[in-house]
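Next come the chains, spelled out residue by residue.
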Amino acid sequence: MSRLIYFLMILEQQKDYTSAYEIFNKNIAVYDKELPVLRDRRRVEYLVGMQSFDKAIQICKEVVLSTGDAADWFFFDNLITCTITSVSGNSESSAADTSSVISELVSFLTEEKASHARCIGHHYALLHLRKLLEERGFDCNDSGLASMTSLVLAFYQSFGHKSPFFNYVRPCLTIAICETLVNDTTSKMSKLETGSGDDLPVSLDDMYSLMAVCEVERLTYLPLGNDLQSTEPQFSSKFIILAAHYCVDAYMLSECRDQKYLWTALDKLREAAEASFMDSQLLMVMTRIYQHMGLVLTCTELLDRMQIKQFLLQTTSWVLFNRLSSCGARQQCRMLNSSLIKYIQSSTQSIPDFVIQAYRSGVYRKIVDMIQWKESLLKSFAFIKCVVEEVMLDIIQLDSVSKFYFHEFLGDYNEVMQDWNQWVDDRDFDVSYNWEAPDTNWAGEEAKKLSYNLELCWLKMRYTLASCLCYLICSVTNPTKHFKCDLSKVSTDFQAAIQESSKVFSALEEHKLARDLCGHPFSPFSNQLSLFFKLRLDEFYAELVKSLEALTENCTMNGGKTSSKVVKLADIPDPIQKFVQQISDDSFLLENSQIKSEHLQKLQLITEALAIYVLSIGLLCRKLAKKNAGKKRTDEPTLEFPGLDAFKSLLESLCDNVTKLTERIDKTDSEIGTCGVDVEIVKKNLSCILTQIKQLCVTKFDYLKSFNL
Amino acid sequence: MSSLRTFRCSDFLKLAKINLDPLTETYGLAFYLQYYVKWPEYFLMSETPSGEIQGYIMGKSETFRREGESSWHGHVTCLTVAPEHRRLGLANKLMHLLEEMSELKKCYFVDLFVRKSNTVAINMYKKLGYSVYREVLEYYSGEPPGGKKGALDENAYDMRKALSRDHLKKSVIPLKHPVMPEDVD
């Protein structure tokens, strides 16, 4: 049997469906571990591959007739597709013959629909048939098929109360149909959800009226869920989620992006979450709004509540937690990063055992699938992002011996850079997607693709910067070790990555979709690159890396003579100095202890840059110390860093201003603030992040002191 | 409406919406791969015409060591349907397929474990012909989803349905007393 299955797989690869069909029918069907419905499915697949449409149609009809309400959609789909393909591909058939064949199909489906009134498949088949006929230019009038509007209305009347109704009919909707549907139906939910485009509300007043409607409907549906378990989504939750989206739209429409609308959304969502404790859709929308507002600690609490673990981390980590690292929540970031890295590593290590097991069991099809899956895990965008961020976290917190894996991280450099576009975008935006805003499609393919290009550029910059720093760390701690990559190459790649990011970022600023989605809580675009360029960190890092490269490779000391080496690393850009001073202004802390999330992200970028600067100084001092180790000198050469005093002053200002800011936040009254702001949540989040920033500044001071600087 | 097919590894990237449901446990990859390789015929997915996964079922066939060949049965390890696709008969369909597969393998019965507090699921299984065979004390560790914080481990019902091979329905005669998890094979 195993050999037969293997032979079958080879025939399928060679697309020799005729032989495969013959073997399957004669031998495998008896022994293969498949359900009858799956065997029929395989037969149809082979017949379609052989272009033997008549036989395929026959099998599909038999299945539809015999299984009735349990008929698999696959057979409806192939019945329709094979019929249309057979008539359109037959050049000898006349228009009358074509019409006759299609009419016969329509009659078959209509009769089946009549005898299975409660089966969605039979109804949907007619919709699908109508859509395909229109797309391929067939004349539907002679076929006896009703109009699309009538079919959609009939489908609605039978199944409009089912949750996935609109998703089913979405491909068939046009503006005209939507208007008819809205006028003919009595459900307010359908009116709210139609989303045809032209009738969308565009003013704040419209948003308010829709939110009010949602609230009325929610209260209407709330009692219906009294008998539901606390773990089930409430019927009324859908209106809340819709209302939350309208609040977000109101936030985007308002002048100065008034956060009161976001707090209104959060209020409604929290109230709904009390009735439906574990409704993950409510929690996800809340998480994205909290994240947008920089309240990242609350995000991780929701993460714990949703129990996001294992493979769920791979697809949801960017969508739900991409702001963690950018807002400076380092400890929380570490937990996530390490969980995802552990999942990917343990999974890839365990797959070979299962491949062997599959071979022994004779399930050869699974072997190919598992090997492809293993390769895709190693090309996961979420994985490489976590690895790079984890390395960067280790680097900026480094104060003693280097981590052993820095060397391993460098080991793959050439391979990774050779094909940078190998990474697969595994971000799942559908996970928090329950309302498609027709105007700005933040979950659409175009937005996802554009944002992914931006993410890749950002990641490339981070990866090459991390590689430069790892190289320097390893060259100091293990100077005799041979590296597979060359520092000048890594440095060149880093400069090129900055240039590329600048170009991509400039192009995206001109793109309408990116501009429309800028600042949207559910936007797939992160603004890290924007802030990076605003703070002129590109110039800072470019200069720093060049200096380090030159100093590391060309640094020599004159033996026996007193000499000092003056080291100029990089100038601290003006925007950074201005921002650090700005922290002490009263206007930096907004009403109710709020700080703009953009400011938090700037703080994180600046802290990181200063930490790397300190690290660079430390590495050079250690390099000199190693060079001079064991040599007797009465007058040891020293390193001088012009601008060090100014730098230390800046670091001190940052530390002081962050401390003062924390004190101002602590003094704020904890009562519920204006416009629904939950001051307690705001204070808790900010205190956590600012404490981590301050701790980092203090450790960097201590690190400099250890070199008597 | 739905299409049925066997599980593929790439489906892991599409399960987030389903597995975020509080009563759906998310296991390590090795757990799923074990079923994928050993019992692929029981690992079935249901998807919409557009390819969105609506639900899945994982199961196996085994005997209890202490009871021998007469305990050859199908077991439902995991059955879940995405919240937005519930009340469409999908769970019924998936259970029916698992039972059909167990019949092909000449099992005596099909069994499953369900939280005692999950009355929705228990009623669904009862409608499908399952009955409570025994109660397993403290089967589920930790507090139940949506339950009180600090609550003890939760009990489970072991529910069974006799298949055609067990024409005397001996396998579903309920036990009079509850058992501990270590008494379950």
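On a predicted model such as this, the values are computed, not experimentally measured, just so you know.

All right, on to the overall build of chain B then. Along the backbone of chain B there are four helices and seven strands. Secondary structure of chain B in N-to-C order comes out as β-α-α-β-β-β-α-β-α-β-β. Whereas a compact globule of 185 residues would reach a radius of gyration of roughly 16 Å, chain B reaches 16 Å, a difference of no more than 12%. Referenced to the eigenvectors of the C-alpha coordinate spread, the extents of chain B come out at roughly 45 × 45 × 30 Å. Looking at chain B residue by residue over its 185 residues, the buried ones come to 56%. In chain B, once contacts between residues fewer than 6 apart in sequence are set aside, the share between residues at least 24 apart is 65%. Within the structure as shown, chain B displays about 7,900 Å² of accessible surface, and the carbon and sulfur contribution to it stands at 53%. Of the side chains in chain B, 26 bear a positive and 24 a negative charge, and the two mean positions are spaced by 3 Å.

So, on to the side chain of T80 of chain B. All names here are of chain B. Mapped onto the fold, T80 is located in strand 4 (residues 73–81). Among the polar contacts made by the side chain of T80, one reaches the side chain of T24 at a distance of 2.7 Å. With residues up to four places along the chain from it excluded, the contact list for T80 reads I18, T24, Q54, G55 and Y56.

When pLDDT is averaged across chain B, the result is 89; 94% of the residues are at 70 or more. Confidence estimates for the predicted assembly give a pTM of 0.87 and an ipTM of 0.91.

Turning next to the environment of I681 of chain A. Examined against the element boundaries, I681 of chain A turns out to sit in helix 32 (residues 679–705). Along the backbone, I681 of chain A and L297 of chain A are 384 residues apart, and their C-alpha atoms lie at a distance of 8.9 Å.

Counting residues at the interface gives 55 residues for chain B and 58 residues for chain A. With both chains or domains summed, chain B and chain A bury close to 4,800 Å², and 67% of this area falls on carbon and sulfur atoms. When the buried surface of chain B facing chain A is broken down by residue, M1, L20 and V37 of chain B rank first, second and third, together holding 16% of it. Taken together, the links from chain B to chain A amount to one salt bridge. If one sorts the elements of the side of chain B that touches chain A by residue count, helix 2 (residues 29–38) of chain B sits on top with eight residues. Split by residue class, the side of chain B that touches chain A holds 28 nonpolar, 15 polar and twelve charged.

All names here are of chain A. Summed over the entire model, instances satisfying the criterion amount to zero disulfides over all chains. Free cysteine: C457, not disulfide-bonded; nearest cysteine sulfur from C468 at 17 Å. Looking at C457, the relative accessible area reads 6%, which means it is buried.

On a regular strand, each side chain points to the face opposite its neighbour's, so the side chains alternate between the two faces of the sheet. Residues and elements named next belong to chain B. With respect to burial, strand 3 (residues 53–62) is a largely interior element, nine of its ten residues being buried. Where strand 2 (residues 44–47) meets strand 3, four bridges bridge the pair, whose relative direction is antiparallel. When the sheet's bridge partners are listed, L44 is paired in strand 3 with I57. From the end of strand 2 to the start of strand 3, which pair antiparallel, there are five residues, and G51 there has a positive phi angle of about 95°. For strand 3 and strand 4, the ladder comprises eight bridges, and the chain directions are antiparallel. Residue I57 lies in a different strand from strand 4, and its bridge partner there is L79.

Further remarks concern the nonpolar core. By size, the foremost hydrophobic cluster in this structure holds 226 residues, and its most contacted members are I289, M370, I395, Y541 and L569 of chain A together with Y125 of chain B. Filtering out sequence-adjacent residues up to four positions away, I289 of chain A remains in contact with V248, L262, A265, L266, L269 and F522 of chain A. By size, the runner-up hydrophobic cluster in this structure holds 54 residues, among which are L11, Y21, F165 and Y168 of chain A.

Another point: the pattern of salt bridges. Residue and element names in this part refer to chain A. Under the criterion given, the structure shown has 33 salt bridges over all chains. Close ionic contact of D267 with R270 constitutes a salt bridge, the shortest N to O distance being 3.3 Å. Linking D267 with R270, this pair stays in helix 14 (residues 260–275), spanning three residues, or about one helical turn. Classification of D267 as partly exposed rests on a relative accessible area of 36%. What makes R270 buried here is its relative accessible area of 18%. A salt bridge links E301 to K684; the nearest nitrogen and oxygen atoms lie 3.0 Å apart. Of this pair, E301 sits in helix 16 (residues 296–306) while K684 sits in helix 32; the two residues are 383 residues apart in sequence, bridging distant segments of the chain. The exposure class assigned to E301 is partly exposed, which follows from its relative accessible area of 37%. The class for K684 is partly exposed, based on a relative accessible area of 39%. Residues participating in the shared-partner salt-bridge network are E12, R42 and R365.

An α-helix turns once every 3.6 residues. As a result, residues three or four positions apart point the same way. Under the 1.5 Å per step criterion, the end-to-end length of helix 19 (residues 330–361) of chain A is 46 Å for 32 residues, consistent within 8% with the ideal 46 Å. Along helix 19 of chain A, the sharpest change in direction is near 30° and occurs at I351 of chain A; proline P352 of chain A comes one to four residues later.

Turning next to the sheet that holds strand 6 (residues 131–140) of chain B. Residue and element names in this part refer to chain B. In space, the seven strands of this open sheet follow the order 1-2-3-4-5-7-6, with mixed pairing throughout. Looking at strand neighbours, the two that pair on one side only are strand 1 (3–6) and strand 6, the edges of this open sheet. Sheet twist, expressed as the mean angle between neighbouring strand axes with direction ignored, is 25°. The pairing of strand 5 (residues 109–115) with strand 7 (residues 154–162) spans seven bridges and is classified as antiparallel. Paired with F113 across the strands is D158, a residue of strand 7. Here helix 2 sits on the sheet and contacts strand 3 and strand 4; the angle it forms with strand 3, its principal contact strand, is near 70°. Sheet strands in contact with helix 3 (residues 90–104) are strand 1, strand 2, strand 3, strand 4, strand 5 and strand 7, and its direction is about 160° off that of strand 4.

What counts and how
- Residues numbered from 1 in each chain as written.
- Chains lettered and ligands numbered in written order.
- Predicted model: local features only at pLDDT ≥ 70, side-chain atom pairs only at ≥ 80, totals over all residues.
- Heavy atoms only, no water.
- Helix = DSSP H or I, 4+ residues; strand = E, 2+ residues; numbered from the N terminus.
- Rg over C-alpha atoms; globule rule 2.2 N^0.38 Å.
- Buried < 20%, exposed > 50% of the residue type's maximum accessible area, 1.4 Å probe, protein only.
- Contact = heavy atoms within 4.5 Å.
- Areas by Shrake-Rupley, 256 points an atom, 1.4 Å probe, with all protein chains shown as cover.
- Lys, Arg positive; Asp, Glu negative; His and termini not counted.
- Charge placed at Lys NZ, Arg CZ, Asp CG, Glu CD.
- Polar contact = N/O pair within 3.5 Å; in protein donor to acceptor, adjacent residues only side chain to side chain.
- pLDDT = per-residue confidence, 0-100.
- Buried area = accessible area lost by both parts, 1.4 Å probe.
- Salt bridge = Lys/Arg side-chain N within 4 Å of Asp/Glu carboxyl O.
- Nonpolar A, V, L, I, M, F, W, Y, C, P; charged D, E, K, R; others polar.
- Disulfide = S-S within 2.5 Å.
- Pairing = 2+ DSSP bridges.
- Core = buried A, V, L, I, M, F, W, Y, C linked by side-chain atoms within 4.5 Å.
- Expected span 1.5 Å × (residues − 1).
- Bend = angle between axes of the 7 residues up to and from the residue.
- Axes fitted to C-alpha atoms, helices over the stretch in contact; angles between N-to-C directions.

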